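# Analysis of the macromolecular model
The residues making up each chain are set out below.
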Amino acid sequence: MNTAMLFGLCASMLIGLGLYGLLTHPHPLRKILALNVIGSGIFLLFGAVALRGAAAGMNADPVPQALLITGIVVAFSASALAVALLLRLFEVTGDVSLANDDPATHKDTSKDRPHD
Amino acid sequence: MTPSLALNLALALLLLGMAGWAVLVRSTQAAVIGFMVYGLLLTLAWARLDGLDVALTEAAIGGGLTGFLLLGAAVRLRSVEHRAMLQAPGLATRILAALAAGSITLLLAFAVLTLPSPAPSLAPAVAENIAMTQVGNPITAVLLAFRALDTLLEALVLVLAMIGIWSLADDRVWGGRPGFAIAHDASGILHYAARILVPIGVVIGGYIFWIGADDPGGKFQGATLLAAMWLLLVLAGLRDAPRVSSQTLRLWVVLGPLVFIGVGGLGSWVAGSFLGYPQGYAKLMIVAVELALLPSLTLILGLLIMGAPKREIGR
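Residues numbered from 1 in each chain as written. Chains lettered and ligands numbered in written order. Predicted model: local features only at pLDDT ≥ 70, side-chain atom pairs only at ≥ 80, totals over all residues. Heavy atoms only, no water.

### Quick look at the interface of chain A and chain B
Selection rule: The contact definition used throughout considers only heavy atoms, calling two residues in contact when any of these lie within 4.5 Å. Values labelled buried area give the accessible surface lost by two parts on being combined, using a 1.4 Å probe and summing over both. Salt bridges, as used here, are contacts in which a Lys or Arg side-chain nitrogen is within 4 Å of a carboxyl oxygen on Asp or Glu. As used in this structure description, the phrase polar contact means that two N or O atoms lie within 3.5 Å; if the pair is within protein, one of them must be able to donate a hydrogen and the other to accept it, and residues adjacent in sequence are counted only when both atoms belong to side chains. Helix numbering and strand numbering both begin at the N terminus, where a helix is a DSSP run of H or I of at least 4 residues and a strand a DSSP run of E of at least 2.
Of the residues lining the interface, 75 residues belong to chain A; the matching set on chain B comes to 91 residues. Both sides together, the interface formed by chain A and chain B hides about 7300 Å², and carbon and sulfur atoms give 79% of it. In this structure, the connection of chain A to chain B is made through three salt bridges. With a closest N to O distance of 3.7 Å, Asp170(B) and Arg88(A) form a salt bridge. Put simply, chain A and chain B have 17 residue pairs in polar contact (both at pLDDT 80 or more) between them. Looking at the side of chain A that touches chain B, the elements with two or more residues in it are helix H1 (3-24), helix H2 (28-52) and helix H3 (62-93) of chain A.

Structure (structure tokens):
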């Protein structure tokens, strides 16, 4: 098994792990963390593809690698915005719950649930 | 089994173990620390994938800054962590989620095993044209010449994210300083560390920035290191976080993107296309853009971590 294939398979599993965390964790911060695990898995998969593209005396295809650097920075800015939104939610409501069926914290739900 | 394969296999297993810890462990703080370790392991994986530039970015931003950001939030939200965990989904939902995640993994694994051979590659095209850009590092050539538009839009995304975070401030503290934790203990270890580490970090950051033209490194990795040194100064109480209403701050923040757009406009006038470089002046243009981007990126990355304004103007 070559390096690209090994890390490609590893990346597939990382994406699955992150997706499981994103779907099952009730805490929004854990969802952001899980999203970052998914993101790093996708980056690693792309990195494996870049390694397969080694040619013309270069050890890997530089175009996907440059896009990866851009991707990592953009993923960080998205995480920073998500964390700021979460901290603001905590400041305003005193809680970090994402559930919308709790009448105590959401008084005006009539618009969201017309059949109620 | 060759030593190289054994190393890769061990690294892959460690990555999966650390990611599993970060996703599944109960305590959020333990999860975030696991995620930071995972980021460092990922850096090694990038080195194995012959992506030293990506490895540097991952170490600085993916593991370092993201981990710092999440750790700060985890500490702030510790009081409601227990309550948030009470809403955990039932067993049926968990099984369905595991099935969904498992099928995605299987599909991706199938795609990895059936990737086309020989692999498509843009490396020959880069090798053919890199001489025109006058830089030696192919990744820098892609980032600032062949795909410069991506890099410009990325800088704009960073500015937009920063504006988004600032706009989350309460009306009363708009224009004030971010409520970043400040230590006033002048004899503390953090104070001492900041005095010793910051000069070294600034030199290393500048070096990583400068060698990016010909070797792994560049403005993003350098800017992240400089931003980390700035955060250390603020954390240690040696400098206060800036007022977000400061005109000087805002000018430095938009300087990089503005110079980038200006150079792009010059290209459409002189070289016939937006972000095109006139023959023989490519390196000069690239260095000008990188020099202008460095302070802007440093400030933006630091400000993204510091978060929304929390203190009124004058405090």
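Next comes the rest of the description.
### Quick word on unusual backbone geometry
Residue and element names in this part refer to chain B. Cis geometry marks the peptide bond from Ser117 to Pro118; its omega dihedral reads 0°. For Pro118, the location among the structural elements is in the loop between helix H5 (91-113) and helix H6 (123-133). The phi torsion at Asp50 lies on the positive side, around 60°, for a residue other than glycine. Assignment of secondary structure puts Asp50 in the loop between helix H2 (28-48) and helix H3 (52-76).

### Quick look at the pattern of salt bridges
The criterion, for reference: Partly exposed residues are those whose accessible area sits between 20% and 50% of the maximum for their type, while under 20% is buried and over 50% is exposed, using a 1.4 Å probe and protein chains only.
Following the criterion strictly, the structure yields nine salt bridges over all chains and no others. Close ionic contact of Arg83(B) with Asp95(A) constitutes a salt bridge, the shortest N to O distance being 3.4 Å. Placement of the pair is Arg83(B) in helix H4 (residues 78-85) and Asp95(A) in the segment after H3, with the two residues belonging to separate chains. Residue class for Asp95(A) comes out buried when judged on its relative accessible area of 13%. Residue Lys219(B) pairs with Glu290(B) through a salt bridge whose shortest N-O separation is 3.7 Å. Residue Lys219(B) is found in helix H10 (residues 219-235), and its partner Glu290(B) is found in helix H12 (residues 282-306); the two are separated by 71 residues along the sequence. This pair shows no difference in class: Lys219(B) is buried, exactly as Glu290(B) is. Here the salt bridges share partners, and the residues they tie into one network are Arg88(A), Glu91(A), Asp170(B), Arg172(B) and Lys310(B).

What is shown is where atoms sit, not what they do.
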